[in-house]
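Structural overview for review
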Amino acid sequence: RNELLRVAEATDRRKVELVLQELKIEWSKRTEPLRANLDTLYVKFRATLREITANTKTFDDSIGIMPARPPSQATSIPLPGTTPSVQIGSKDSFTNSLGMKFVTIPGTNIMMCIHETRNADYALYAKAQIGVNLKWHEHAKVGKENHPVVDVNWKDAEGFCRWLSTKEGMTYRLPTDAEWSAAVGLRGEIGTTPAEKSENGPKNVFPWGEYYPPKPRDGNYDNKVSGDEYEYTAPVMSFGANELGLYDLGGNVWELCHDWYDDSEEKRRVMRGGSRLLYGESNYLLSCWRASDFAVTRGISRGFRCVLEQ
């Protein structure tokens, strides 16, 4: 609403007021299914404002936001952890306005963020949206801006992806189980559900290689396993990347995925990548291993990673 009112002074005020009135009517219904409708409506009034300001200022310029650009229009990549003023990238990589870098995953139609969603990323979402659960903030102390956000659940992660999609005019979401497998290098998995693929997967393939236990620089695991220098979570990208340029596909936090774990009535969502809290059973750290939990459950070992549809 405030964005519309600000731009109204430099544009066709009547058109802006009509769009604003439509938004207020929809919002007044206050029903859960309106989330998707409001996202669509927001895109609609952004398009309307761009049309009526074509010969003056753009809507995004009026509110101090650079317009989203597809990866093919970008030229250079910022340093990790910085926040560029525009979206930049190339055919195989892309960095958005939050400084989140994405790379192409062969065999899919997505680009995946090279790191887990950080406290700094999630803080922008929590500031922009009303009603975001603040449990995550208990673990986001000063100096942990680049650590993965934790104590979020599947619904929180979905909300972040919807917000980012609306903010940038692109489609962000959680990865599917199959997309996550492609990112970690698994092909030809056996099974019709993630649960079956977990049981039937290779028993000697880990995100860091074909040996166990991991070495201290292989990832952030419990000190009983690898003895790395971090007692809790580690800043994202603290350890080596895989051949696709993706970091922390093993350890640090469990990464929530889009899919149901199996066909049971329990309706649990898939989690991949292990976490720093796992030790004892090497099976739990395999590339193929899946965990699961309910969409509303939070925990200090749960985080997520975003993908961008191409």
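Going by the structure above, here's the rest.
To keep things clear, this report deals only with the structure shown in the data block.

Conventions adopted
- Residues numbered from 1 in each chain as written.
- Predicted model: local features only at pLDDT ≥ 70, side-chain atom pairs only at ≥ 80, totals over all residues.
- Heavy atoms only, no water.
- Disulfide = S-S within 2.5 Å.
- Buried < 20%, exposed > 50% of the residue type's maximum accessible area, 1.4 Å probe, protein only.
- Helix = DSSP H or I, 4+ residues; strand = E, 2+ residues; numbered from the N terminus.
- Expected span 1.5 Å × (residues − 1).
- Pairing = 2+ DSSP bridges.
- Axes fitted to C-alpha atoms, helices over the stretch in contact; angles between N-to-C directions.
- Salt bridge = Lys/Arg side-chain N within 4 Å of Asp/Glu carboxyl O.

Time to look at the state of the cysteines. In total, this model carries 0 disulfides according to the counting rule given. Free of any disulfide, Cys 113 has its nearest cysteine sulfur in Cys 306, 6.6 Å distant. According to the relative accessible area criterion, Cys 113 is buried, its value standing at 0%.

Let's shift gears to helix 6 (residues 154–168). In this model helix 6 runs 21 Å from its N-terminal to its C-terminal C-alpha over 15 residues, within 8% of the 21 Å that 1.5 Å per residue would give. Every buried residue belonging to helix 6 is among Trp 154, Asp 156, Ala 157, Glu 158, Gly 159, Phe 160, Cys 161, Trp 163, Leu 164, Ser 165, Thr 166 and Glu 168, and all of these are buried.

This next bit is on the sheet that holds strand 8 (residues 290–293). Taking strand neighbours across the sheet as the criterion, the 4 strands line up as 8-7-6-9 in an open arrangement whose pairing is mixed. With one partner strand each, in any of the chains shown, strand 8 and strand 9 (302–304) form the two edges of the open sheet. Looking at each pair of strands side by side, their axes are set apart by 50 degrees on average, direction ignored. Pairing analysis gives 3 bridges linking strand 6 (residues 254–260) to strand 9, with the strands arranged parallel. Paired with Glu 255 across the two strands is Gly 303, which belongs to strand 9.

What follows deals with the pattern of salt bridges. Working definition: two side chains of opposite charge can pair if their charged atoms are close together. Enumeration over the complete set of coordinates arrives at 13 salt bridges. We note a salt bridge from Arg 217 to Glu 229, for which the minimum N-O separation is 3.3 Å. Within this pair, whereas Arg 217 is found in the loop between helix 8 (194–200) and strand 6, its partner Glu 229 is found in the loop between helix 8 and strand 6, the two being separated by 12 residues in sequence. By relative accessible area, Arg 217 is classed as partly exposed at 48%.

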